[in-house]
Amino acid sequence: DAKTTQPPSMDCAEGRAANLPCNHSTISGNEYVYWYRQIHSQGPQYIIHGLKNNETNEMASLIITEDRKSSTLILPHATLRDTAVYYCIVRVAVVQGAQKLVFGQGTRLTINP
Amino acid sequence: EAGVAQSPRYKIIEKRQSVAFWCNPISGHATLYWYQQILGQGPKLLIQFQNNGVVDDSQLPKDRFSAERLKGVDSTLKIQPAKLEDSAVYLCASSSVWGAQVRGPLHFGNGTRLTVT
């Protein structure tokens, strides 16, 4: 299974861009990178995913390096509501057509006023 | 669209008692997952259904945990008998199937917080 490595915690000032790194050096060519976040007492929330190209949606941008061994999630203008644990996940073990997501420890992002 | 519904929100039981959790996935989602999240850790997959069939239950402690998905819609996760180490949040998630491969992201409910005393 491809594994990910993330810093355990990060801080960012409100209004600034939050850049969350993730290493996935053993990723396979057909494995996607997913990002989820979990706000206290809630279930994880999907943010974005990508394969090779950079991706952007209304929540964030995902930058994947050319060798695909690492990626960065960018929250362009962080707000206090973005304080959460952020999980970088590589989709593994597609079994009978169904994806399987294995969560690591994630990065606890704190947005400071 | 309505999200993934779970109940109860909280449950406190004594060890050796039994407990059941219920999940109603997003309408039309063929894949359903149960995750266990111990305090301070990321969610751990327990079991995965595709419609009403089990796709992966390799992490499910089958001596005490069981799960079913009647008619490929709602699902129930049961623990009998419960142990102290089962104290955790139990999360249900669902996803849609696009073509022959699951592409849709997982949508999670807010979970059931179980405390075993």
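Residues numbered from 1 in each chain as written. Chains lettered and ligands numbered in written order. Predicted model: local features only at pLDDT ≥ 70, side-chain atom pairs only at ≥ 80, totals over all residues. Heavy atoms only, no water.

Caption draft 1: Quick peek at the sheet that holds strand E3 (residues 19–24) of chain B. Residue and element names in this part refer to chain B. Taken in spatial order, the 4 strands line up as E1-E3-E8-E7 in an open sheet, and their pairing is antiparallel. Looking at strand neighbours, the two that pair on one side only are strand E1 (5–7) and strand E7 (65–68), the edges of this open sheet. Strand-to-strand twist of the sheet, defined as the mean angle between neighbouring strand axes without regard to direction, takes the value 15 degrees. Pairing analysis gives 5 bridges linking E3 to strand E8 (residues 75–79), with the strands arranged antiparallel. Within E8, the residue paired with Cys 23 across the bridge is Ser 75. (Pairing = 2+ DSSP bridges. Helix = DSSP H or I, 4+ residues; strand = E, 2+ residues; numbered from the N terminus. Axes fitted to C-alpha atoms, helices over the stretch in contact; angles between N-to-C directions.)

Caption draft 2: Up close: the side chain of A:Ser61. Relative to the helices and strands, A:Ser61 is located in strand E6 (residues 61–64). Setting aside chain neighbours within four positions, we find A:Ser61 in contact with A:Ile48, A:Glu55, A:Thr56, A:Thr72, A:Leu73 and A:Ile74. (Contact = heavy atoms within 4.5 Å.)

Caption draft 3: Up close: the sheet that holds E6(A). All names here are of chain A. The 4 strands are arranged E2-E7-E6-E5 in an open sheet whose pairing can be described as antiparallel. Whereas interior strands pair on both sides, the edge strands pair on one side only; in this sheet they are strand E2 (18–23) and strand E5 (55–56). Where E2 lies against strand E7 (residues 70–75), 6 bridges are found, and the strand directions are antiparallel. Considered in E7, the bridge of Asn 23 is made with Ser 70.

Caption draft 4: View of the environment of A:Val33. Residues and elements named next belong to chain A. For Val 33, the location among the structural elements is in strand E3 (residues 33–38). Among the residues examined, Val 33 registers a relative accessible area of 0% and is labelled buried. Val 33 sits 52 residues away from Val 85 along the chain, and the two C-alpha atoms are 17 Å apart. (Buried < 20%, exposed > 50% of the residue type's maximum accessible area, 1.4 Å probe, protein only.)

Caption draft 5: Expanded view of unusual backbone geometry. Residues and elements named next belong to chain B. Backbone torsion omega between Ser 7 and Pro 8 reads -5 degrees, so that peptide bond is classified as cis. Positionally, Pro 8 belongs in the loop between E1 and strand E2 (10–13). The amide bond that connects Gln 80 to the next residue, Pro 81, takes the cis arrangement and shows omega of -5 degrees. Phi is positive for Asn 51, which is not a glycine, with a value near 55 degrees.

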